[in-house]
Amino acid sequence: MTITAPVVGQEARVELAIGGMTCASCAARIEKKLNRLDGVTATVNYATEKAQVSYGDGIEVADLIATVIKTGYTAEEPPPAEPEPAAADSPEAAPEAPAEHDPLRHRMLVSLVLSLPVVVLAMVPSLQFDNWQWLSLTLAAPVVVWGGTPFHKAAWTNARHGAATMDTLVSLGTLAALGWSLWALFFGDAGMPGMQHGFDITVTRASGSSSIYLEAAAGVTTFILIGRYLEAKSKRRAGAALRALMELGAKDVAVLRGGQEVRIPVRELAVGDRFVVRPGEKIATDGTVVEGSSAVDASMLTGESVPVDVTAGDTVAGATVNTAGRIVVEATRVGTDTQLSRMARLVEDAQNGKAEVQRLADRVSGVFVPIVLLIAVGTLLVWWLTTNDVTAAFTAAVAVLIIACPCALGLATPTALMVGTGRGAQLGILIKGPEVLESTRRVDTVVLDKTGTVTTGRMRLHQIIPAPRTGEDELLRLAGAVEHASEHPIARAIADGAAERTGPLPVLEGFGSVPGLGVQGVVDGHAVLVGRDALLRQWSIDLPEELASAKAAAEAAGRTAVAVAWGGHARGILTVADAVKETSAEAVAQLRALGLTPVLLTGDNRRVAETVAREVGIDEVIADVLPEDKVDVVKRLQDEGRTVAMVGDGVNDAAALATADLGLAMGTGTDAAIEAGDLTLVRGDLRVAADAIRLARRTLATIKGNLFWAFGYNVAALPLAAAGLLNPMIAGAAMAFSSVFVVSNSLRLRTFTASTVSTKSP
């Protein structure tokens, strides 16, 4: 990462790594503090734990870091940028740390193992043996103190800065329950042998000294740890899109030095170097072809389904694949200036600039937490002053804290997400996290990338048009035999179609390739030509009017037409096209039924795009776009007031997927697209996109229902607890019941049925 130094009249930008955030309100607090500085504009992303800051004259990076530290969090100055980092050596390409070494996961698992016996013993009186309460204390104390350390630290940090969050309630509630239990065990009657712990709904104000609440303290801590772990697990994937992008590049390259090929790492490549690219190899960097000719597969960058023929003088981009002949390329851009690196920056900017959707629980916590604290303090004072009974006063105050302790709130999102994502995985749908669900409710426009999403992304033989007195099978058999010797994707489509229809192809003799025009060879004694019109004209062969008309009609429909000739005459036309998936039209209809307006977006020409759009039932088409244009198109639609979902599968879609309000990545595509998307469709069936949106919307509705009932139980019971009508044990039982309800409600997502289940797949 780099810092751009400010000059007079201009702003500099810096990216800071922020540590210590535990909820979205933390990000809002840091952002607010930074934006109070003169000349500073900051955006803090809780999901990626980064701050994008623009600052002007008089502000240093050290000032920004100091402000974050004063707010109670940590910030790191980015390391100086290396001149030309290798893809494999870049920090973004480093593998993620294994989950087994995650301290939060370790804390969660230990707490879960220790708290389970505590909860079971407290809730099942028949299992309570003599002195069982001391075993519960032995197991619960480490959970509350050690397992809850992140909450206690966060609560203390927030308290020092005059703030309160959900961590404050978790810390106060669990410590109060533990503290009361310790008092009751050591100074009350709860430590007596034979003490039984039951659910007594009868209100007895003096019962506080004989009641312990270890199961509430340990259970709340464990449940919240589970939620935090699931959240942290999804946040670790924040930089995966960049890693996937950079790993596309070649790792080494064969450079020409003194007429000899010398293989060196890509990072040592310099502008002006000439390097060799053989068939099947990736082109190392952006450059110009200086020798040879070939067909280059640039679909991962441009979206073009047909490989582009290149010869001397043509430009090529790094990370594209040479599919045919040997070429020599002169490097024109290296390192961070390449098209691939620019796309990586696009993805990073899109992810960091994406609007943060705060969780509902965090949004209300700013009001809920202070109110609960005031009620608890007020309850303690009122009871103490009116009854002069410290035990009763503290019992009522602890009941207020425990009934309001956000156990169910902590479960509301992760349990619904766990069940929803589990069901989705069975149906080929991967939901990355709760923060993407809100967008599924608001989206009204779905942008569909053509290649690999609506279409198969593979060229297939489409039509056989023979000349008079020429049979279709003969035309296909001879043309297929010649094309079988070529590595060009169009040639492979014709050869595969011929073999499928006519069986084994005849033996080819004297094969030759004419760069940019086609191929030729001898089959069954015939000198066969397959390629462009210009190839036939070199042999003084013209297309008759009927074949020329058929060729023009095919090209007008967006298909690629190939002429075939032998014996001095044109024998027919073969057309190939990127075939539309059989389920795409049905998928478009399902997306419309969800209230979405489909838009077809592609790097192909308009004729091809409109042909595909008509076939699947899409009215709005945006064609002839480059990767940068795709991002601009999504932004333009958003500027028109639309909420945009994007479905794509290629690297060229990654930045647009990250920019869209909702990104749906086809799992049959590249890792970059998959990691940049919010939802991943494992199968290449576009109908799964509609299922994914339906499942995500239902999961969001379940989360909202969970949060509503979790608050409902707590808020309804708060007046009862404050009035002394609930002792802490009943409060703990009510809290546990709310958690059971939330889990049960989430389990209903297991009944979700995809539309593709009852529909015959291709």
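Given the structure is predicted, the values throughout are model-derived calculations rather than measurements. Counting starts from 1 at the beginning of each chain's written sequence and moves along it residue by residue. Only residues with pLDDT of at least 70 get local features here, since the model is predicted, and only at 80 or more are side-chain atom pairs given and counted; chain-wide, interface and lining totals rely on the full set of residues. Excluded from the side-chain calculation are hydrogens and water; included are all heavy atoms of the structure.

Novice: Help me out: how do you make sense of the sheet that holds strand S7 (residues 274-277) in this one?
Specialist: What holds strands together in a sheet is hydrogen bonding between their backbones, with the strands either parallel or antiparallel. A pair of strands is treated as paired once DSSP finds two or more bridges between them. Under the DSSP-based scheme used, a helix requires at least four consecutive residues in state H or I and a strand at least two consecutive residues in state E, with every element numbered from the N terminus. Taking strand neighbours across the sheet as the criterion, the 6 strands line up as S6-S5-S7-S13-S8-S11 in an open arrangement whose pairing is antiparallel. The open sheet terminates on both sides in strands that have one partner only, identified here as strand S6 (260-265) and strand S11 (315-316). Sheet topology places S7 next to strand S13 (residues 327-333); 4 bridges connect them, and they run antiparallel. The partner of Val276 across the bridge, within S13, is Val328.

Novice: Would you take a moment to explain the UniProt feature "transmembrane region" (unreviewed entry) in the protein chain for this structure?
Specialist: UniProt positions are given in the numbering used here, feature names are shortened, and annotations may be inferred rather than shown by experiment. The UniProt feature table records "transmembrane region" (unreviewed entry) at residues 108-126, 132-149, 169-192, 212-230, 364-386, 392-413, 707-723 and 729-747. In this annotation, residues 132-149 is assigned 94% helix and 0% strand; the end-to-end C-alpha distance for the span is 26 Å.

Novice: So what exactly am I meant to see when it comes to the nonpolar core here?
Specialist: One recurring pattern in soluble globular proteins: nonpolar side chains tend to sit buried together. By nonpolar core is meant a set of buried Ala, Val, Leu, Ile, Met, Phe, Trp, Tyr and Cys residues that side-chain atoms within 4.5 Å join together. Burial classes follow relative accessibility: with a 1.4 Å probe on protein chains only, a residue under 20% of its type's maximum area counts as buried, one over 50% as exposed, and anything between as partly exposed. With 49 residues, the main nonpolar core has Ile431, Leu437, Leu448, Val454, Leu600, Leu664 and Leu679 as its most contacted residues. The element best represented in this core is helix H25 (residues 687-722), accounting for 10 residues. What fixes the domain bounds is an automatic or database domain assignment. Built from parts of two domains, this core gets at least three residues from each of domain 2 (103-238 + 353-415 + 704-748) and domain 4 (436-454 + 581-682). Should any heavy atoms of two residues lie within 4.5 Å, those residues are counted as being in contact. If we skip the residues at most four places from it in the chain, Leu664 touches Ala645, Met646, Val647, Gly648, Leu657, Leu679, Leu681, Ala689, Ala692 and Ile693. Membership of the second largest hydrophobic core comes to 22 residues, among which are Ala42, Ile59, Val61 and Ala75.

Novice: Sorry, what's going on with a nonpolar patch on the surface here?
Specialist: Patch membership needs two things, relative accessible area over 30% and no salt bridge, and members are linked within 9 Å if like-charged or within 5 Å if nonpolar (Val, Leu, Ile, Met, Phe, Trp, Tyr). Accessible surface is estimated by sampling points in the Shrake-Rupley manner with a 1.4 Å probe; for residues, cover comes only from the protein chains shown. Each salt bridge in this description consists of a side-chain nitrogen of Lys or Arg and a carboxyl oxygen of Asp or Glu lying within 4 Å of one another. On the surface, Val377, Leu381, Trp384, Leu385 and Val390 cluster together into a nonpolar patch covering about 520 Å² of accessible area. The element contributing the most residues to the nonpolar patch is helix H11 (residues 360-387), with 4 residues. Following the sequence through the fold, Leu381 ends up in helix H11.

Novice: Help me out: how do you make sense of the environment of Glu615 in this one?
Specialist: When you line up the elements, Glu615 lands in helix H21 (residues 606-616). Glu615 gets classed as exposed once you look at its relative accessible area, which sits at 53%. Separated by 35 residues in sequence, Glu615 and Val580 place their C-alpha atoms 8.1 Å apart. Those residues in contact with Glu615 that sit more than four places away from it in its chain are Val580 and Ala585.

Novice: Just checking my understanding: could you explain the packing of helix H3 (residues 103-123) against helix H4 (residues 132-147) for this structure?
Specialist: Any two packed helices are characterised by how steeply their axes cross, that is the angle between the axes, and by the distance between the axes. Lines are fitted to the C-alpha atoms to define the axes, a helix being fitted only along its stretch in contact, and any angle between axes, read from their N-to-C directions, falls within 0 to 180 degrees. Relative to each other, H3 and H4 sit at 150 degrees, their axes nearing to 9 Å. Accordingly, the angle class assigned to the pair H3 and H4 is roughly antiparallel. Of the two elements, H3 crosses H4, and the hand of that crossing is left-handed. Contact residues: H3 offers His106, Arg107, Val110, Ser111, Leu114, Ser115, Pro117, Val118, Leu121 and Ala122, while H4 offers Trp132, Leu135, Ser136, Leu139, Ala140, Pro142, Val143, Trp146 and Gly147. In terms of residue class, the contact of H3 with H4 is built from 13 nonpolar, 5 polar and 1 charged. In what follows, roughly perpendicular refers to angles from 65 to 115 degrees, roughly parallel to angles under 35, roughly antiparallel to angles over 145, and oblique to any angle outside these ranges. When the near helix sits turned anticlockwise from the far one by under a right angle, the crossing is termed left-handed; a clockwise turn instead gives a right-handed crossing. Gly falls in the polar group here, along with every residue not listed as nonpolar (Ala, Val, Leu, Ile, Met, Phe, Trp, Tyr, Cys, Pro) or charged (Asp, Glu, Lys, Arg).

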